[in-house]
Amino acid sequence: MMRKTGVILPSQSEPLMRPMIVIGIPGDKRTSGIQQARSDLGMPPAIILSYAEFLQGRSLGDLMEEQKKQIPRQSSVYNGVDLSAAPPLLRLESPGSSFEIERAIIALGAPDSDDMDDSLHPFADRPDPRPLRVKVARQLKEIQGVLHHPSQWFRGYCRMLARLQREANTACPGSLWLNDPTDIAAMTDKRQTQQILSEAGIPIPRPVGEDQQPTDYDSLREMMLSRRMHRVFIKLAFGSAASGVIAYQIHPVTGAEIALTTVGVEDYITRPPIYYNSGKLRRYTDTATISGIMNWIYQHGAYAEQWIPKAGLKGKAFDIRQLVVLREACHAVARVSPTPITNLHLRNQRMSLSEAGLSESVQEQVRNTAVQALAAFPRSGVAGIDVLVSGGSQQCFVADVNPFGDLLYDVKYRGCSTYEWEMKVLSARDYITPPSTPLIKEGLS
Amino acid sequence: MTEVKLSIGYDEFEEGQRIGTEIEKLSSSPESSSLTSLIIGDWGQAYENSSEEVVESLVTHSASFPALRKLFIGEMGYEECEISWITQSDLSPLLPAFPELQSLTIQGGNELSLSELKHDKLEELIIISGGLGKAVLEQIATSQLPNLRKLELYLGVDNYGFDGSLADLLPLIEVGKFPKLTYLGLKNSQIQDEIASALANAPILDQLDTLDLSLGTLSDEGAELLLASDRIKKLKALNLSHHYMSDEMITRWKQSGLPVDVSDKQESDDEEDWRYPSITE
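In this text the structure is predicted, and so the values were computed from the model without any measurement.

Conventions adopted
Residues numbered from 1 in each chain as written. Chains lettered and ligands numbered in written order. Predicted model: local features only at pLDDT ≥ 70, side-chain atom pairs only at ≥ 80, totals over all residues. Heavy atoms only, no water. Helix = DSSP H or I, 4+ residues; strand = E, 2+ residues; numbered from the N terminus. Rg over C-alpha atoms; globule rule 2.2 N^0.38 Å. Contact = heavy atoms within 4.5 Å. Areas by Shrake-Rupley, 256 points an atom, 1.4 Å probe, with all protein chains shown as cover. Lys, Arg positive; Asp, Glu negative; His and termini not counted. Charge placed at Lys NZ, Arg CZ, Asp CG, Glu CD. Buried < 20%, exposed > 50% of the residue type's maximum accessible area, 1.4 Å probe, protein only. Buried area = accessible area lost by both parts, 1.4 Å probe. Salt bridge = Lys/Arg side-chain N within 4 Å of Asp/Glu carboxyl O. Polar contact = N/O pair within 3.5 Å; in protein donor to acceptor, adjacent residues only side chain to side chain. Nonpolar A, V, L, I, M, F, W, Y, C, P; charged D, E, K, R; others polar. Core = buried A, V, L, I, M, F, W, Y, C linked by side-chain atoms within 4.5 Å. Pairing = 2+ DSSP bridges. Axes fitted to C-alpha atoms, helices over the stretch in contact; angles between N-to-C directions. pLDDT = per-residue confidence, 0-100.

Undergrad: Which residues make up the overall build of chain B, and what are the values?
TA: When you go through chain B residue by residue, the secondary structure sums to nine helices and ten strands. Taking 2.2 N^0.38 as the reference for a compact globule, 281 residues should give roughly 19 Å; the C-alpha atoms of chain B span a radius of gyration of 20 Å, in line with that estimate. On the principal axes, the C-alpha backbone points of chain B span a range of 60 × 60 × 35 Å. For chain B, the share of sequence-separated contacts (at least 6 apart) that also reach a separation of at least 24 residues comes to 69%. Looking at chain B as shown, the accessible area adds up to about 11,700 Å², and 47% of this sits on carbon and sulfur atoms. In chain B, which carries 21 positive and 50 negative side-chain charges, the distance between the mean positions of the two groups comes to 10 Å.

Structure, rendered in C-alpha cells:
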C-alpha cells in the first residue's frame, strides 16, 4: 500500500472526513481551543494524546487505543459521515512551556540516549556543545526562563519527531500529518527554514554571508564590516517567542556596538554563565557581554540576517503574523512594538493590518507571500508566517515560519477564531494526495 | 498644507541613491513651489554619513521652496538608525536660506552645530537627541530668535553626548532671552530634578503656557519644589510624564487640580525583569 503521509492538498473530489488526533498537552490553551472549536461546530472531539506520556516511553499505538476506548462511538458522526471510518489526521502541537516536557526532550537528545535517530535533524553532524548525559538531563531543575541547552533540546526534539513519524506509520496506517514531522523539524530550525524559503524563491532578509554563515562573534563582526551590513538580527536557530534573538548593530566608524535582546546573563566566577529569557528587552553596549551571549548562541547554532527596517506607525515598528491554512491566508495580526523585537508577549500591541496603515495591495502582498512560504513546505497544512514589510519600499520578506503559529487570540477571519476556521476547512475538504504530487490547482487532482 | 518626506533606505543607499539628488528632483517638481513642510528622514546610513549633504543641497535649491515653513532634519526611527548614532552637521546655513521658516525640528545630537543661530521669523525650535552637547546649548543661549515661541530640547544622558550641567541651561531661561516664548521643554534629562528646582520659581514661568519636563528622571525631590511653587499654578499645561515619582506624589499632583500630566511612571528597580519559558510559540 502506498504511504499516504505527506502532501496536503485541497481538492473537490469526494469529501473524506477524518478523525483528528492531537499530540499535545491535555487541557492547555491549544488543545482546549481545538476541542472548544470542534464542540462549537458540532464536531466530535479530537483524540488528545499526551506529549508527556509519549516522552515517558508510551507508544503512540498504546496511547491511541487507551483514548479511543474513552470516546463514545456515536460521537464520531459529523454531518452524517462516520469520521472513524477514515484513517486519522495527526496534529502535533507545541510542547508549550512545560518544563517536564522540555527536560524529557533534552534527555532524548543526550549522547547516551537509547534513541539516536537523527534523520530529521537538518544539521545532525554538528556536535552539541558540552552535551548532558541522560541522567544529568533528567535531573535538570526548573529555573524559570533559563535556556537549558538549546541545541540538545533540538536534537531531542528531532528524535521525538522521527519516533512519532515511525510509530504513526505502524499504529495508524494511512494517517496524514497536518504538518509532517519532517517539515516541523525544518521550520523549527531557522537556518533550514531560510534555506528552504530561499531555494523556493521566497523573499527573505539577506543572510550575513550567503554561502557561509559566521560561526562566532568575531567572524560575524568581520563579515558585517566587510559586507557593509551594519545592522543584523541574530537568532538562536531553534528559538521561539523571541528566545535568543538579538538586534545587533555596529557603528562602522567608531566600532561601537549595540545589542538589543531579551537574553539575560547571570555570571559566576566558578562555573559557566547562565543565559535566560528576560521579560524585557535589554540593551548591551559592552563587548564582553555581547560577545559572551553571541558566542554561546553560535555554539548552539545561530542564524544571522540583514535587519530590514520595518514599516512603522507613529514611531513604532511592526511585523505581521499571517496564518495560512491549506494554501489560504486567513487570520492576520500586526505586532506593533516600540522596540525592534515584536513578539507579543513583550507587551507589544496588536492591530489589524488596516489599523497599522497597510494599503489593501500591501495586505494582499503579505497574504501571497505567506501562502507561498507555506507552499515551500509541501507536507504542511498550517503555519503562522512572520512577514516583514520594509519601511521604505513596502516589500514583503518572510522572517519565520511557525508550525504552531495559530495560537492567536481575538482575531477573527470570516467570523471564525483560528481553531474554528481550521476545523471548518479541514472537515470541508479532502486533503489526501500522494507525497510526490506537485502543488496543483483545486479540482485537478 | 503640503508635506513631503524624503528618505534613503539602506539598500537604496548601497545602490547609489543619494539624498542630494532626491532634494534636487523635488526642487524641480511642480509641487516644490507650494510645499509648506519638508521632512528629511534617513539620508542614507546616518550613523556613518552626516547631514552635510542635506544642508548643502537644501541651501542650493532653497529658491525652489518659497512656501516652506516647516523643516524636519533627521526624522528616523530606531529601525533605521539609533537616535544617538545619527550624525548631524552644522545646520545653521539653513536659516538664512529659508527666511520665512517658522519651525525647525532636528533629530540627532552627534556633531550637531548651530553656529549662526539667527532668524527673525522662527517660532519653533525642537531638538530631539539622546544627548545634547553643551556647545549646542551655548549656541542656543547666544542665538537671536526674537520670534521664538516654542523651545523644546531633549537633553539626554552623558553616555550619548550630554556633557552639560544646569549652568549651561540657566542662560536659556533668563527673562528677555526669548521674549515671546510660551512653550518651554527641557526634557529627557538625567538631571531632571536639578532642572525642576531651577525652574520652580524662575521668572520665565510668568510668560509660559506650557512647561514640559517629561521623559527624564524626575523624582519626588524635583516634584516637591514644583508643587510648592505659585508660579507653576499659572501654567496651562505641565508635562511630567515618564517620571520616577512615588505614588504618594502622583496622588498629590492629582489632588492639586493643576493641569499636569503625571502618566507613565517608571520603576527604578529591576522587578519588571520577569522571565518567561523559552518554548511558547
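Undergrad: Give a detailed account of the overall build of chain A, specifying residues and quantitative values.
TA: A tally of helices and strands in chain A yields twelve helices and 17 strands. Classification of the 445 residues of chain A by burial places 59% in the buried group. Residue pairs in contact within chain A that sit at least 24 positions apart in sequence constitute 69% of those at least 6 positions apart. For chain A, the exposed area adds up to about 17,900 Å²; of that, 50% sits on carbon and sulfur atoms.

Undergrad: I'd love a proper account of the interface of chain B and chain A, names of residues and values included.
TA: Taken together, the 26 residues of chain B in the interface contact 58 residues of chain A. Together, the buried faces of chain B and chain A total about 3,700 Å²; carbon and sulfur atoms form 44% of this surface. Counting the contacts that link chain B with chain A gives five salt bridges. Summed over the shared surface of chain B and chain A, the number is 19 residue pairs in polar contact (both at pLDDT 80 or more). Here the residues of the side of chain B that touches chain A are counted per class, giving eleven nonpolar, four polar and eleven charged.

Undergrad: Quick rundown of the side chain of aspartate 183 of chain A? Include the residues and the values.
TA: All names here are of chain A. Residue position: aspartate 183 is located in helix H7 (residues 181-188). Its relative accessible area of 2% is what places aspartate 183 among the buried residues. Look past the residues within four positions of aspartate 183 in its chain and what remains in contact with it is Phe377, Pro378, Arg379 and Ser380.

Undergrad: Describe the nonpolar core, with residues and values.
TA: Among the nonpolar cores identified, the biggest contains 151 residues, and Tyr157 and Tyr248 of chain A together with Leu125 and Trp253 of chain B are the most heavily contacted of them. Residue contributions to this core peak at nine residues, all from helix H6 (residues 150-171) of chain A. In contact with leucine 125 of chain B, other than residues within four places in its own chain, are Leu104, Ile106, Leu117, Ile140, Leu145, Leu148, Lys150, Leu151 and Glu152 of chain B. Formed by 31 residues, the second largest nonpolar core is a distinct cluster that contains Met187, Ala370, Ala376 and Phe377 of chain A.

Undergrad: Just give me the short version of the sheet that holds strand S2 (residues 47-50) of chain A, but keep the residues and values in it.
TA: Ordered by their spatial adjacency, four strands build an open sheet running S2-S1-S5-S6 (chain A), and the pairing between neighbours is parallel. Looking at the sheet topology across the chains shown, the edges are occupied by S2 and strand S6 (176-177) of chain A.

Undergrad: Describe the environment of leucine 58 of chain B, with residues and values.
TA: Residue and element names in this part refer to chain B. By the element assignment, leucine 58 lies in helix H3 (residues 52-60). For leucine 58 and glutamate 31, which are 27 residues apart along the polypeptide, the C-alpha to C-alpha distance reads 15 Å. Leave out the neighbours within four places in its chain, and leucine 58 touches Ile23, Leu38, Ile40, Leu71, Ile73, Leu94 and Phe98.

Undergrad: Describe the environment of glutamine 363 of chain A, naming the residues involved and giving the relevant values.
TA: Residues and elements named next belong to chain A. By secondary structure assignment, the location of glutamine 363 is in helix H11 (residues 360-375). The class for glutamine 363 is buried, based on a relative accessible area of 9%. C-alpha separation for the pair glutamine 363 and isoleucine 320, spaced 43 residues apart in sequence, amounts to 9.7 Å. Here glutamine 363 is in contact with Leu353, Ser354 and Leu358, once residues within four sequence places are set aside.

Undergrad: Tell me what's going on with the side chain of serine 129 of chain B, and back it up with residues and numbers.
TA: Residues and elements named next belong to chain B. The residue serine 129 is located in the loop between strand S5 (124-128) and helix H5 (134-141) in this model. A polar contact is formed between the side chain of serine 129 and the backbone nitrogen of glycine 131, at a distance of 3.2 Å. In this structure the side chain of serine 129 is engaged in a polar contact, spanning 3.4 Å, whose partner is the backbone nitrogen of leucine 132. Setting aside residues up to four positions removed in sequence, serine 129 forms contacts with Ile83, Gly108, Gly109, Tyr154, Leu155, Gly156 and Asn188.

Undergrad: I'd love a proper account of the sheet that holds strand S9 (residues 257-266) of chain A, names of residues and values included.
TA: Residues and elements named next belong to chain A. Taking strand neighbours across the sheet as the criterion, the five strands line up as S10-S9-S8-S7-S11 in an open arrangement whose pairing is antiparallel. This sheet does not close on itself; its edge strands, each paired only once, are strand S10 (274-284) and strand S11 (302-306). On average, adjacent strands in this sheet sit at an angle of 30° to one another, irrespective of strand direction. The pairing of strand S7 (residues 231-236) with S11 spans five bridges and is antiparallel. Paired with leucine 236 across the bridge in S11 is alanine 302. Contacting S7 and S11, helix H8 (residues 190-199) crosses the sheet at an angle of about 45° to S11.

Undergrad: Could you give an account of the confidence of the model for chain A, with specific residues and numbers?
TA: All names here are of chain A. A residue-level look at chain A finds 88% of positions with pLDDT of 70 or above and a mean pLDDT of 88. In the model of chain A, strand S4 (residues 81-82) stands out as the element of lowest mean pLDDT, 66, in contrast to H11, which has the highest, 98. Segment residues 1-16 is flagged for pLDDT under 50; beyond a separation of four residues in sequence, or across chains, it makes 55 contacts in the model. Long-range and interchain partners of residues 430-445, a stretch whose pLDDT sits below 50, account for 42 contacts in this model, where long-range means more than four residues apart.

Undergrad: How would you summarise the pairing of S5 of chain B if you had to cite specific residues and measurements?
TA: Regular strands show a simple pattern: their side chains alternate between the two faces of the sheet. Residues and elements named next belong to chain B. Counted residue by residue, S5 has four buried out of five residues, so it is predominantly covered. Across five bridges, the pairing between strand S4 (residues 103-107) and S5 is parallel. Residue pairing in the sheet places leucine 104 in a bridge with leucine 125 of S5. Here four bridges tie S5 to strand S6 (residues 150-156), and the two strands are oriented parallel to one another.

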